[in-house]
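Residues per chain are reported as follows:
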Amino acid sequence: MDTGDYYCPTTVTSTLGYTMGRGVGAVRVVTVEVINPLKAGVVVGAVWGGVAALLNLRKYKRGRISKRDAVLDTAGEAAGLGLASGMGLLASNAARATTLLISTSSLIPFTVGVAVTAGSKAIWDCNVKRHLKCEAKPS
């Protein structure tokens, strides 16, 4: 049996280092992969829509908002955060592709993604979501 093709560390330290090195390499491969912004935006929007639905259901049962307002607020929150997270991931992926050529730091794409997501959600809330509110007509 020829053992020349196998790496056999002889000490515990070298075994641990070899294993950790392989693990870090696997993590790096996973984090460099590009996440599809459309799929991620849909997932985030669906999850956040569920959270918003639970919160609005509680408000509706207590009589604070109407059924229509609850539905519109839930849809607005889900669509807004889904769109914002998709845009943030798109910007993050673009920044990641740019920084892969320059450096290996993942802080820059993360920061860009967070800033674009927060900015997009703020713009959504200021411009679109406030028009979704139903107001009772004065009699």
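As shown above, the structure is provided for reference.
Residues numbered from 1 in each chain as written. Predicted model: local features only at pLDDT ≥ 70, side-chain atom pairs only at ≥ 80, totals over all residues. Heavy atoms only, no water.

> Which residues make up the overall build of the protein chain, and what values go with them?
For the protein chain, the count of helices and strands is four helices and zero strands. A total of 139 residues make up the protein chain; the buried ones form 24% of that total. Looking at the protein chain alone, contacts between residues at least 24 apart form 71% of all its contacts between residues at least 6 apart. Element-wise, carbon and sulfur atoms account for 68% of the exposed surface of the protein chain, whose accessible area totals about 10200 Å². (Helix = DSSP H or I, 4+ residues; strand = E, 2+ residues; numbered from the N terminus. Buried < 20%, exposed > 50% of the residue type's maximum accessible area, 1.4 Å probe, protein only. Contact = heavy atoms within 4.5 Å. Areas by Shrake-Rupley, 256 points an atom, 1.4 Å probe, with all protein chains shown as cover.)

> Mind laying out the pattern of salt bridges, listing which residues take part and the relevant values?
Going through the model one piece at a time under the given rule, you end up with two salt bridges. With a closest N to O distance of 3.4 Å, lysine 121 and glutamate 77 form a salt bridge. Note that lysine 121 is positioned in helix α4 (residues 107–127) and glutamate 77 in helix α3 (residues 67–102), a separation of 44 residues in sequence. Put simply, aspartate 125 and lysine 121 hold a salt bridge, and the shortest N to O gap is 2.9 Å. Placement of the pair is aspartate 125 and lysine 121 together in helix α4, with a separation of four residues, close to one helical turn. What you see here is one network of salt bridges that share partners, running through Glu77, Lys121 and Asp125. (Salt bridge = Lys/Arg side-chain N within 4 Å of Asp/Glu carboxyl O.)

> Explain the side chain of threonine 74 to me, using residue names and the numbers behind them.
Looking at the secondary structure, you find threonine 74 in helix α3. With a relative accessible area of 16%, threonine 74 lands in the buried category. Residues within four places of threonine 74 in sequence aside, it is in contact with Gly49, Ala52, Ala53 and Asn56.

> Give me the lowdown on α4, citing residues and values where you can.
The end-to-end C-alpha distance of α4 is 30 Å, a good match for the 30 Å that 21 residues give at a rise of 1.5 Å each. Of all the positions in α4, only Pro109, Gly113, Ser120, Lys121 and Trp124 are classed as buried. Buried residues of α4, seen end-on, are gathered within an arc of 95 degrees and therefore sit on one face of the element. Pointing more than 90 degrees away from the buried face of α4 are the exposed residues Leu107 and Ile123. (Expected span 1.5 Å × (residues − 1). Arc of directions from axis to C-beta.)

> How would you explain helix α2 (residues 37–61) if you had to name every residue and give the values?
Between its first and last C-alpha atoms α2 spans 35 Å; for 25 residues at 1.5 Å apiece the expected length is 36 Å, and the two agree. Three or more residues of α2 are buried, namely Pro37, Ala40, Gly41, Gly45, Gly49, Ala52 and Asn56. You can read the cap of α2 off the contacts: a side-chain oxygen lies 3.1 Å from the backbone nitrogen of leucine 38, and it is on asparagine 36. Positioned one or two residues after α2, glycine 63 has a phi angle of 80 degrees, which is positive. (Polar contact = N/O pair within 3.5 Å; in protein donor to acceptor, adjacent residues only side chain to side chain.)

> Quick rundown of the environment of asparagine 93? Include the residues and the values.
With respect to the helices and strands, the residue asparagine 93 is situated in helix α3. Taking relative accessible area as the criterion, asparagine 93 reaches 11% and is therefore assigned buried. Through-space distance from the C-alpha of asparagine 93 to that of asparagine 36 is 8.9 Å; in sequence the pair is 57 residues apart.

Read these as spatial facts, not as claims about activity.
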